[in-house]
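Structural overview
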Amino acid sequence: MTLSDTRGAIGGAPVTPRRGVAATAHDSWVVAKRNLRRMTRIPEIVVFGLMQPVMFVLLFSYVMGGAIAIPGAQPSHQTYIEYLMAGIFAQTVTFAVAGASAGIAEDMTKGLVDRFRSLPMSRAAVLTGRTLADLVQTAFILVVLALVALLVGWRIHNGVLDMLAAFGLLLLLGYAFSWIGALIGLSVRSPEAATSAGLIWLFPLTFVSNAFVPVSSMPDWLQPVAYWNPFSATVQACRSLFGNQLGPVPDSWPMQHAALVSVVWSLVIMAVFSWLAVRKYRRAAG
Amino acid sequence: MAAAIEAENLVKTFGDVRALDGVSLDVPEGTVLGLLGPNGAGKTTTVRVLTTLLQPDSGRATVAGVDVLKHPNEVRSLIGLSGQYAAVDEYLTGRENLQMVGELYQMSARDAKKRALELLEWFNLSEAMDRTAKTYSGGMRRRLDLAAALVVRPPVMFLDEPTTGLDPRNRIALWEVIETLVEQGTTLLLTTQYLEEADRLAHDIAVVDHGKVIARGTADELKRQIGGERIEVVVRAAGLVPEAVAALTPYAKGDPTVEKNTRRITVPVSGGARVLADAIRELDTRSIEIDDIGLRRPTLDDVFLSLTGHATEGGADEDEDGGAATARKGRRGQGKDA
Ligand SMILES: Nc1ncnc2c1ncn2[C@@H]1O[C@H](COP(=O)(O)OP(=O)(O)OP(=O)(O)O)[C@@H](O)[C@H]1O
Ligand SMILES: [Mg+2]
């Protein structure tokens, strides 16, 4: 059949746009589905997203495990990997930022965003759909990473519910951070720049923390920074929930109330950055 | 008839570039306006402003009576857009692309699927529908993008160079789709580089250059405005030129022009074939040998080149102000770009 056969047969009907939360949720889901489909078409992204943390687990635990002293235990591969995993998990979920920033930047540079912007759809949905899809990808990566960690000696000691709570905190942190990624992606407008811009600030953030070495081993002036780091709170909370806290919890308020601090930080980050990102998208969209 | 698209004094600057310098236009309901203009004239920028993708620095616009700046979201539910560059997701299949657009128009998943299949068939993409758009040729992407603009039946459509990159068969097929849409009441703003396309599809033509509408009218009006018919004669030898000019002068409605090296004489005339016959007879009586003679009517190409001052060969576009078109401004200095 050719185009000319459409004479008199072009169907379709005008629409009236729906409004409100239900419409936003629906549109976000449609965009999320699109992004998840894309991920299955470009599996390299997930594979590389997995390789980095897996490599970190192996390198840190086997190469450095014997040298890093964890308070309350002798340096060894076994004690260090238990200490390490909460940090690796948290680093993995925050590195998902780069995915969001590169993905959004790519959408903005390719013509597709013009299609979205010319449709009577929710303005927030392009970003929400992206962050939701990233959340699913992050969850998948966490599961695979957990299995790898179990293989090389990581153990949890507090039961399944605590473990699920810990993964909940991790995913919440990851979701909050993907909004930072969305804002970066909207600001940079080149996928390549977005990848570096999405990653570079994460190194100080994740290293000036309790993720890989005890904060007590850092210079005095750096310790409060590390303790109040939103990243440290999530790491500490997960470490305790996994039963991987070998010595006493450090005597610092955010560490003593790590789960609460983690949730508050995540919600604040999410609120601030989703507001900024949606506003920026609206502006760009005119 | 009410104007389905109305723009008043749109101005948009990008740094030093004044992309739109006071564009005004109106498209009556159910008609097609062809936007012509050289590269960088501001056609795409105009389309982007009217489709809510770009905020103008100043000016006013309505689509189907709705203010584009004040109520962009209402406008979005009234328009269909196919931009200059295909807006498709390369990693989705053709079918998934259209289905997604349908769902974003709030169709149910089932309706969106059905509509996608229909459109894919009409746009000759059925065979490729389960391949990712990444594997599509340029023309296939273009067609997929056009299909996306037709997922619902918006009363007002904007097509920015819709047939660029299509092969002749698909181009003609698309013209037929557009004609059908217009027959059924759709209002269309179309930009194009193919003057033949504007001639065939557009009721009205606006010529844009340097961010301004420099001429407006039907294709015929514009053609008449830059000069009516003319007789073109190529004489056998250069020495015959003066005599031939003398022979043709009685029929001329303006000054004849001569291209020396091609021995071509162009004489504006009116009266069509009868004048041509007379002229041939006259030349014959005087035994002036000719290589070629013909009656020529201006094409939209002539209009385009003449109005936008991008014609570099002399002769073909002498000034002629007898036309009835509503041009606001004549052509620019000749050879501006030479
Ligand atoms: N985003 C932008 N940033 C800077 N300049 C721009 C931008 N968009 C358009 N321009 C400039 O505005 C002018 C008009 O561009 P526009 O794309 O509207 O032209 P056009 O008539 O569609 O041309 P073409 O026939 O090549 O598609 C050009 O000089 C272009 O360089
Ligand atoms: Mg253009």
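Source: prediction; values computed, not measured. (Residues numbered from 1 in each chain as written. Chains lettered and ligands numbered in written order. Predicted model: local features only at pLDDT ≥ 70, side-chain atom pairs only at ≥ 80, totals over all residues. Heavy atoms only, no water.)

Our next topic: the coordination of the magnesium ion (ligand 2). Residues and elements named next belong to chain B. At the metal site, the magnesium ion (ligand 2) is ligated by Thr44 (OG1) and Gln84 (OE1), and these contacts range over 1.9 to 2.1 Å. Of this pair, Thr44 sits in helix α1 (residues 43-50) while Gln84 sits in the loop between β6 (79-82) and α3 (94-104); the two residues are 40 residues apart in sequence, bridging distant segments of the chain. Accessibility expressed as a relative area gives 24% for Thr44, which makes it partly exposed. We classify Gln84 as partly exposed; its relative accessible area is 24%. (Donors = N, O, S within 2.8 Å, 3.2 Å for Na, K, Ca; no water. Helix = DSSP H or I, 4+ residues; strand = E, 2+ residues; numbered from the N terminus. Buried < 20%, exposed > 50% of the residue type's maximum accessible area, 1.4 Å probe, protein only.)

Below, the discussion takes up a nonpolar patch on the surface. All names here are of chain A. A cluster of nonpolar side chains, Met55, Leu58, Leu59, Tyr62, Val63 and Met64, forms an exposed patch at the surface whose accessible area comes to about 580 Å². Mapped onto the elements, Tyr62 comes out in helix α2 (residues 43-64). Residue classification places Tyr62 among the exposed positions, given a relative accessible area of 52%. (Patch = residues over 30% accessible without salt bridge, like charges linked within 9 Å, V, L, I, M, F, W, Y side chains within 5 Å. Areas by Shrake-Rupley, 256 points an atom, 1.4 Å probe, with all protein chains shown as cover. Salt bridge = Lys/Arg side-chain N within 4 Å of Asp/Glu carboxyl O.)

Residues and elements named next belong to chain B. If you check the shell around ligand 1, you find 14 residues, and the closest are Gly40, Lys43, Thr44, Thr45 and Gln84. Contact between ligand 1 and Gly40: an oxygen atom at 2.7 Å from a main-chain N or O atom of the residue. Between ligand 1 and Gln84, the relevant distance is 2.9 Å, taken from an oxygen atom to a side-chain nitrogen or oxygen of the residue. Expressed as a share of its isolated accessible area of 640 Å², the protein-covered part of ligand 1 is 62%. Among the elements of the structure, β2 (17-28) and α1 are those that each provide at least two residues to the shell around ligand 1. Per-element accounting of the shell around ligand 1 gives the leading share, 3 residues, to α1. By residue class, the composition of the shell around ligand 1 is 5 nonpolar, 7 polar and 2 charged. (Near = heavy atom within 4 Å. Polar contact = N/O pair within 3.5 Å; in protein donor to acceptor, adjacent residues only side chain to side chain. Nonpolar A, V, L, I, M, F, W, Y, C, P; charged D, E, K, R; others polar.)

This part is about the confidence of the model for chain A. Interpretation of this model should avoid reading the predicted coordinates in detail wherever pLDDT is low. For chain A, the mean per-residue pLDDT works out to 86, and 92% of the residues sit at or above 70. Confidence drops under pLDDT 50 across residues 1-14 of chain A; counting only partners more than four residues distant or on other chains, this segment forms 40 contacts. (pLDDT = per-residue confidence, 0-100. Contact = heavy atoms within 4.5 Å.)

One can read the domain layout of chain B as domain 1 (3-78 + 154-224) and domain 2 (228-296). Here the C-alpha centroids of domain 1 of chain B and domain 2 of chain B sit 40 Å apart. (Domains from an automatic or database assignment.)

With that settled, the discussion passes to the sheet that holds strand β3 (residues 32-36) of chain B. Residue and element names in this part refer to chain B. Taken in spatial order, the 6 strands make up an open sheet running β6-β7-β8-β3-β9-β10, and their pairing is mixed. Whereas interior strands pair on both sides, the edge strands pair on one side only; in this sheet they are β6 and β10 (212-217). Neighbouring strand axes in the sheet, compared pairwise and without regard to direction, differ in orientation by 15° on average. For β3 and strand β8 (residues 187-191), the ladder comprises 4 bridges, and the chain directions are parallel. Looking at β8, one finds that Leu33 is bridged to Leu189. Here α1 sits on the sheet in contact with β3, β6, β7 (156-160) and β8, set at roughly 150° to β8. (Pairing = 2+ DSSP bridges. Axes fitted to C-alpha atoms, helices over the stretch in contact; angles between N-to-C directions.)

All names here are of chain B. Strand order in this open sheet of 4 strands is β12-β13-β11-β14, and the pairing throughout is antiparallel. In this open sheet, the two strands that pair with only one neighbour each are β12 (257-259) and β14 (290-296). Sheet twist, expressed as the mean angle between neighbouring strand axes with direction ignored, is 15°. With 6 bridges connecting them, strand β11 (residues 230-235) and β14 associate as antiparallel partners.

Residue and element names in this part refer to chain A. Here Glu192 lies in helix α7 (residues 191-200). Taking relative accessible area as the criterion, Glu192 reaches 59% and is therefore assigned exposed. Separated by 116 residues in sequence, Glu192 and Ser76 have C-alpha atoms that sit 39 Å apart.

All names here are of chain A. For the pair α2 and helix α5 (residues 125-151), the least separation of the axes is 10 Å and the interaxial angle reads 35°. Of the two possible hands of crossing, α2 and α5 adopt the one that is right-handed. Along its contact with α2, which presents Ile45, Val46, Gly49, Leu50, Pro53, Val54 and Val57, the element α5 presents Gln137, Phe140, Ile141, Val144, Leu145 and Val148. For the contact of α2 with α5, the per-class residue count stands at 11 nonpolar, 2 polar and no charged. (Left-handed = near helix turned anticlockwise from the far one by under 90°.)

Residue and element names in this part refer to chain A. As annotated by UniProt and renumbered to match this structure, "transmembrane region" (unreviewed entry) occupies residues 45-71, 83-105, 126-152, 164-186, 193-213 and 258-278. Helix makes up 67% of residues 193-213 and strand 0%, and the two end C-alpha atoms of the span are 30 Å apart. Between the C-alpha atoms that bound residues 258-278 the distance is 29 Å, and the span itself is 100% helix and 0% strand. (UniProt positions renumbered as here; feature names shortened; annotations may be inferred.)

Note that an α-helix has 3.6 residues per turn; residues three or four places apart therefore point the same way. Residues and elements named next belong to chain A. The first and last C-alpha atoms of α2 sit 31 Å apart over 22 residues, in line with the 32 Å expected at 1.5 Å per residue. Those residues of α2 lying buried are Val46, Leu50, Pro53, Phe56, Val57, Phe60 and Ser61. For α2, the arc enclosing every buried residue in end-on projection is 115°, short of the 170-degree limit, so these residues lie on one face. Opposite its buried face, α2 presents the exposed residues Phe48, Tyr62 and Val63, each directed more than 90 degrees away. (Expected span 1.5 Å × (residues − 1). Arc of directions from axis to C-beta.)

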